[in-house]
Amino acid sequence: MNQEEQLNVVAEEEGDASNEGRVPPFQTPKGVHDILPIDHDFFTFIKKVVRHRCRQAGYKRITTPMFEFTEVFKRSIGDTSDIVSKEMYTFQDRKGRSLTLKPEATAAIVRSYIQNNMSQLPQPVELYYIEPNFRYDRPQAGRYRQFWQFGFEVIGESDPALDAQAILLAQRIFGDLGIADSLKLQINNIGDMASRAVYAEALKDYYCGKERYLSEEDRGRLLKNPLRLLDSKHEDTIILNQSAPKFKDYISKESQEFHDEVLEYLTDLGIGYTENPTLVRGLDYYNQTVFEFWDEKKGAQNSVGGGGRYDGLTELLGGQPTPAIGFAMGMERVIAQMKRNKVRVPSKDDLHVFVAQLGREAKKICLPLIDQLRENGIKTMGALGKGAFKNQLKIADKFKVPYCVLIGLTEVREKTAIIRNMKVGTQVTVPFSKVVEEVVKRIGKENLDVYDPKDPI
Ligand code: ATP
Ligand code: MG
């Protein structure tokens, strides 16, 4: 090796030491994000609220697989919908079968209803879910490529009272989450297939000659499914939509009566609503009642949740004709709304005690002590590293624990431990055998976190 080569090796080694030449740190792909502990407090709270409300109403939880045959979603949601035309994560498995990551839950649940003969159960079948969805959406605030949804479905019966009851359940959940007052219910009736087909022709006539104002995407919608234009996010189309023919002039008498009855029940229940004749929703399987909850200041761009009736979907997927209604809300959008409303989430995660130690002998004592404290329902963190007492106490301060247990060389020798009140700064020395009892006394029996396998889930 000549001198120049030797210098290169030295330079490379030095580069290594100063971080150069390392693999650049990985980032998440665009549009997906970690749910960090701070947001998990919100997630846990939301799950608690929805489980409680669903339990009260007799719903049972269901989880369908993360992926399905692509056809399940294509047939349900519709070829011309945003989801199917551009948002699905579709791939082939090793045998060349086309599979798709679940972009929404309803189609999969209806597939499951048919596959598992749920029509044999007492009807309606009431199901709820909490799970991630995947859509190749344009990432921005409140719009991700993996996001979580809570939702529920009522399958097997049709009556305007069921629609009102579904909306009420959503409303109650928003109430428990502290965001009901900031959301406004938008509601519409999109009728049945026959009247929608006539209406689609009227929309086509209206837009013919106005193509130059439409984006390429909306021109495609005009050709394939003019109703989708009403769901457009393009500004010019939104303006044109305001003067477009209204569905109320094409709705059948039965649908109008159904709609009026839903509204009457809502009024009786004291639920405020805005009738929104351009609300069509992004999925083709809906009929009759459709609804969304919007933050009034943000409008359609930030629908927190929505749903509707989908009486034709079961048949579309190969089952018997079965009426149904469902609702789904985006958990990330709910969390954002809770944060905007400054909703505080109660957490049970706060620690009770921090155990600090010094030396190997102390550690030997601390390991079983920490275990015993936890067994007795004391939420305990043990600093089992090599830091000095002072540094360990600084960390304890950061965790805002009310008490510290300290075991140093003297305490090991004398078989004692120090219990320090972190708020007041006072401390007492107690015999080692009394530590658990003394800590329990200070924390209070009612605050202990004890696992009881007999607790109902
Ligand atoms: P949008 O019109 O905002 O695209 P959507 O009509 O596609 O919504 P739905 O399919 O009805 O939405 O899904 C129900 C809820 O799921 C929405 O109200 C929203 O809260 C949430 N949601 C939908 N897409 C996303 C996404 N890409 N990121 C985060 N949440 C989403
Ligand atoms: Mg969408």
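Cut-off values and rules
- Residues numbered from 1 in each chain as written.
- Chains lettered and ligands numbered in written order.
- Predicted model: local features only at pLDDT ≥ 70, side-chain atom pairs only at ≥ 80, totals over all residues.
- Heavy atoms only, no water.
- Helix = DSSP H or I, 4+ residues; strand = E, 2+ residues; numbered from the N terminus.
- Rg over C-alpha atoms; globule rule 2.2 N^0.38 Å.
- Buried < 20%, exposed > 50% of the residue type's maximum accessible area, 1.4 Å probe, protein only.
- Areas by Shrake-Rupley, 256 points an atom, 1.4 Å probe, with all protein chains shown as cover.
- Lys, Arg positive; Asp, Glu negative; His and termini not counted.
- Charge placed at Lys NZ, Arg CZ, Asp CG, Glu CD.
- Pairing = 2+ DSSP bridges.
- Axes fitted to C-alpha atoms, helices over the stretch in contact; angles between N-to-C directions.
- Contact = heavy atoms within 4.5 Å.
- Near = heavy atom within 4 Å.
- Polar contact = N/O pair within 3.5 Å; in protein donor to acceptor, adjacent residues only side chain to side chain.
- Salt bridge = Lys/Arg side-chain N within 4 Å of Asp/Glu carboxyl O.
- Domains from an automatic or database assignment.
- Phe/Tyr/Trp six-rings, centres within 6.5 Å; stacked < 30°, edge-to-face > 60°.
- Lys NZ or Arg CZ within 6 Å of the ring centre and 35° of its normal.
- Patch = residues over 30% accessible without salt bridge, like charges linked within 9 Å, V, L, I, M, F, W, Y side chains within 5 Å.
- 1 Å grid on protein atoms, 1.4 Å probe; cavity = no way out; pocket = protein on both sides within 12 Å on 5 of 7 lines; lining within 4 Å.
- Points joined across faces, edges and corners; volume = space filled by probe spheres on them.

The helix and strand inventory of the protein chain stands at 16 helices and 16 strands. Against the 2.2 N^0.38 benchmark of 23 Å for 457 residues, the protein chain shows a C-alpha radius of gyration of 30 Å, more extended than a compact globule. For the protein chain, the C-alpha atoms occupy an extent of roughly 90 × 75 × 45 Å along the three principal directions. Counting across all 457 residues of the protein chain, residues that qualify as buried make up 46%. Summed over all atoms, the accessible surface of the protein chain reaches about 25,500 Å², with 52% contributed by carbon and sulfur. Distance between charge centroids for the protein chain: 6 Å, based on 64 positive and 65 negative side chains.

Spatially, β13-β12-β14-β15-β16 is the arrangement adopted by the five strands of the open sheet, whose pairing is mixed. Each edge of the sheet is formed by a strand with only one pairing partner; in this case those strands are β13 (380-382) and β16 (427-431). Between one strand and the next, the sheet's axes are offset by a mean angle of 25°, whatever the strand orientation. Each of β12 (353-357), β13 and β14 (403-407) touches helix α13 (residues 360-375); the most contacted strand, β12, lies at about 170° to it. Its contacts with the sheet put helix α14 (residues 389-398) on β12, β14 and β15 (416-421), and the angle it makes with β12 is roughly 170°.

Surveying the vicinity of ligand 1 reveals 16 residues, the closest of which are Arg135, Asp137, Arg143, Tyr144 and Arg281. Lys233 places a side-chain nitrogen or oxygen 3.0 Å from an oxygen atom of ligand 1. Val304 places a main-chain nitrogen or oxygen 2.9 Å from an oxygen atom of ligand 1. Considering ligand 1 on its own, with 590 Å² of exposed area, one finds that the protein chains cover 94% of that surface. Within the residue set of the shell around ligand 1, elements represented by two or more residues are β6 (146-155), β10 (303-309) and β11 (324-330). The dominant element in the shell around ligand 1, judged by the number of residues it contributes, is β10, at three residues.

Along strand β7 (residues 183-189), six of the seven residues are buried, which leaves the element largely enclosed by surrounding structure. Strand direction decides the pairing type here: β7 and strand β9 (residues 287-295), joined by seven bridges, are antiparallel. Paired with Asn189 across the bridge in β9 is Thr289.

Here the focus is the side chain of Glu411. By the element assignment, Glu411 lies in helix α15 (residues 409-414). Lacking a salt bridge, the buried Glu411 has Arg413 as its closest oppositely charged neighbour, with an N-O distance of 8.2 Å.

With that settled, consider the domain arrangement of the protein chain. Along its sequence, the protein chain is carved into domain 1 (1-30), domain 2 (37-192 + 251-340) and domain 3 (353-447). Centre-to-centre, using C-alpha coordinates, domain 1 lies 52 Å away from domain 2.

The next thing to look at is the packing of aromatic side chains. On inspection of all chains with the given rule, the structure shows 17 aromatic pairs. Note on Phe152 and Phe327: the rings are 5.5 Å apart at their centroids and 35° apart in plane angle, and the pair reads as tilted. Taken together, the residues Phe152 in strand β6 and Phe327 in strand β11 connect sequence positions 175 residues apart. Its relative accessible area of 0% is what places Phe152 among the buried residues. Pairwise contacts between aromatic rings join Tyr59, Tyr128, Phe150, Phe152, Phe174, Phe291, Phe293 and Phe327 into one cluster. Taking NZ or CZ as reference, Arg145 lies 3.8 Å from the ring centre of Tyr136, over its face. Across from the ring centre of Phe42, 5.4 Å away, lies the NZ or CZ of Lys339, which sits over that ring.

Our next topic: a negative patch on the surface. Together, Glu157, Asp159, Asp260, Glu261, Glu264, Asp268 and Glu275 line one region of the surface with negative charge. No other element matches the four residues that helix α10 (residues 253-268) contributes to the negative patch. Along the chain, Glu275 falls in strand β8 (residues 274-275).

This next bit is on the sheet that holds β10. The strand order across the open sheet built from eight strands is β1-β5-β6-β11-β10-β9-β7-β8, with neighbouring strands paired in mixed fashion. Each end of this open sheet is capped by a strand with a single partner; those strands are β1 (60-61) and β8. Contacts from helix α2 (residues 37-56) reach β5 (125-134), β6 and β11, with the element oriented near 165° to β5. Taken strand by strand, α10 contacts β7, β8, β9 and β10, and its axis lies near 160° from that of β7.

Right, let's get into the pattern of salt bridges. Opposite charge on two side chains permits them to pair, given that their charged atoms come into close proximity. Enumeration according to the criterion identifies 18 salt bridges in this entry. Of the charged contacts, one joins Arg111 and Glu68 as a salt bridge, the two residues approaching to 2.6 Å between their closest N and O atoms. Linking Arg111 in helix α5 (residues 106-115) with Glu68 in strand β2 (residues 67-69), this pair joins segments that are 43 residues apart in sequence. Take Arg111: its relative accessible area is 18%, and that puts it in the buried class. The closest approach of N and O atoms between Asp311 and Arg309, which form a salt bridge, is 2.8 Å. For the pair shown, Asp311 and Arg309 are each scored as buried. Via salt bridges that share partners, Asp82, Asp218 and Arg221 belong to a single interconnected network.

The next subject is empty space enclosed by the protein. Scanning the model with the defined rule gives one cavity of 30 Å³ or more in all. When its volume is computed, the largest cavity comes out at roughly 40 Å³.

Residues Met66, Phe67 and Phe91 make up a contiguous nonpolar surface patch of roughly 260 Å² in combined accessible area. Take Met66: it is sitting in the loop between β1 and β2. Of the residues examined, Met66 reaches a relative accessible area of 34% and is grouped as partly exposed.

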